[in-house]
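Read off the chains here:
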Amino acid sequence: MSDQPVLHMKGRVLAGPAEDEIRDELWVIDGRVSYDRPTHVRDIRTVEGWALPGLVDAHCHVGLGTHGPVDADTAEKQALTDRGAGALLLRDAGSPSDTRWIDDREDLPKIVRAGRHIARTRRYIRNFAHEIEPDELVAYVGQEAGRGDGWVKLVGDWIDRDLGDLSACWPREAVEAAIAEAHRLGARVTAHCFAEAALRDLVEAGIDCIEHATGLTEDLIPLFASRGVAIVPTLVNIATFPALAAGGEAKYPSWSAHMLRLHERRYDTVRAAYDAGIPVYVGTDAGGSLAHGLVAAEVAELVTAGIPAVEALSATAWGARRWLGRPGLEEGAPADFVVYETDPRADVRVLASPRRVVLNGLVVE
């Protein structure tokens, strides 16, 4: 045993969503979870409350700012903001910055990366993505699969300025070949999609996840469900659609009206997906123009959409960690957890006020 003090978590440990997975206490020994009381230990620190596994923000962007990549100091502040909100596992869904240095920091959240966004030429936010043409897609997917942690991120649709509305970015044969290449390399593929047009081709081509998914329609829901394609709705980001639509109404009225329709039905879309058995996970789209640290707000949005509180918690805790292949609060796992004053299952709004944040066995907040 090291010289690191033993941490005793006392109260209710929500190691899983079921009642038989709730423990009265856990111990942190050498930075890892143990449910066996240690012996011959004098230096013990006790924290009390309701503990959840470190929350997951499954769609954020560390190292990305409004105008593209940011410096290391800014990226560190982004990661610390997420940590303060209890988000201790982040799926970085596209970043132009190299943030591997974060992996060497015991005090910063763990990151699952998707490399850099891959977009069609002039069909995404400037300085965010590799902007390429369809004949280059397979090669770039292979490149970003090597840079990521088992994920690749495509931009599936964006505004077509000639059309004046959202449209699919890639022909069917290009995404089929690209997704097959990612899977051959052991990576999963996700795609930014606001609208309807790109979804069928992407899902039938074998994609693993869709970000935002505001274009999910009644006829597409059974396809998503049968293929097990997950969605990350990013409802705190979708809340910005009316302002975006207002800003572009004069130049692109069709796009503006489309964005408003997608926004108006956002809760119905998410609830219909959940009811059909489509996996739904918490993501904020932090980075770029949206602030970090919004994971609690996104969980509350899922509840507003009609997802039961325990399932919304699973979408940022137990279920999300399983989906990303990372441990929760099982024996021997890294001790990453968040402590709350009251039961988050009774009111998810408590997530906005962590009492303690424990990362790698250290109380960091």
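Above this text you will find the structure in question.
The sections below set out a description of the structure shown in this document. (Residues numbered from 1 in each chain as written. Predicted model: local features only at pLDDT ≥ 70, side-chain atom pairs only at ≥ 80, totals over all residues. Heavy atoms only, no water.)

1. Looking at the packing of aromatic side chains
Under the defined criterion, the tally for this structure stands at six aromatic pairs. Judged by centre distance (6.2 Å) and plane angle (75°), the ring pair of Tyr-124 and Phe-128 falls under edge-to-face. There is no split in this pair, since Tyr-124 and Phe-128 are both buried. Members of the aromatic cluster, each reached through a chain of ring pairs, are Tyr-124, Phe-128, Trp-158, Phe-194 and Phe-241. Here Arg-91 stacks its cationic end above the ring of Trp-151, 4.6 Å away from the centre of that ring. Directly above the aromatic system of Tyr-267 lies the positively charged group of Arg-266, at a separation of 4.2 Å from the ring centroid. (Phe/Tyr/Trp six-rings, centres within 6.5 Å; stacked < 30°, edge-to-face > 60°. Buried < 20%, exposed > 50% of the residue type's maximum accessible area, 1.4 Å probe, protein only. Lys NZ or Arg CZ within 6 Å of the ring centre and 35° of its normal.)

2. What to know about the nonpolar core
Within the largest apolar cluster, 91 residues are counted, with the highest numbers of intra-cluster contacts made by Leu-137, Ile-207, Ile-210, Phe-224 and Leu-302. The element that contributes the greatest number of residues to this core is helix α3 (residues 172-184), accounting for five residues. Sequence-distant contacts of Leu-302, that is, excluding residues within four places in its chain, are made with Pro-233, Leu-235, Val-270, Val-280, Val-282, Ile-307, Ala-312 and Ala-315. (Core = buried A, V, L, I, M, F, W, Y, C linked by side-chain atoms within 4.5 Å. Helix = DSSP H or I, 4+ residues; strand = E, 2+ residues; numbered from the N terminus. Contact = heavy atoms within 4.5 Å.)

3. Examining a positive patch on the surface
A contiguous patch of positive charge on the surface is contributed by Arg-122, Arg-126, Arg-161 and Lys-251. Note on placement: Arg-161 falls in the loop between β13 (157-160) and β14 (165-168). (Patch = residues over 30% accessible without salt bridge, like charges linked within 9 Å, V, L, I, M, F, W, Y side chains within 5 Å. Areas by Shrake-Rupley, 256 points an atom, 1.4 Å probe, with all protein chains shown as cover. Salt bridge = Lys/Arg side-chain N within 4 Å of Asp/Glu carboxyl O. Lys, Arg positive; Asp, Glu negative; His and termini not counted. Charge placed at Lys NZ, Arg CZ, Asp CG, Glu CD.)

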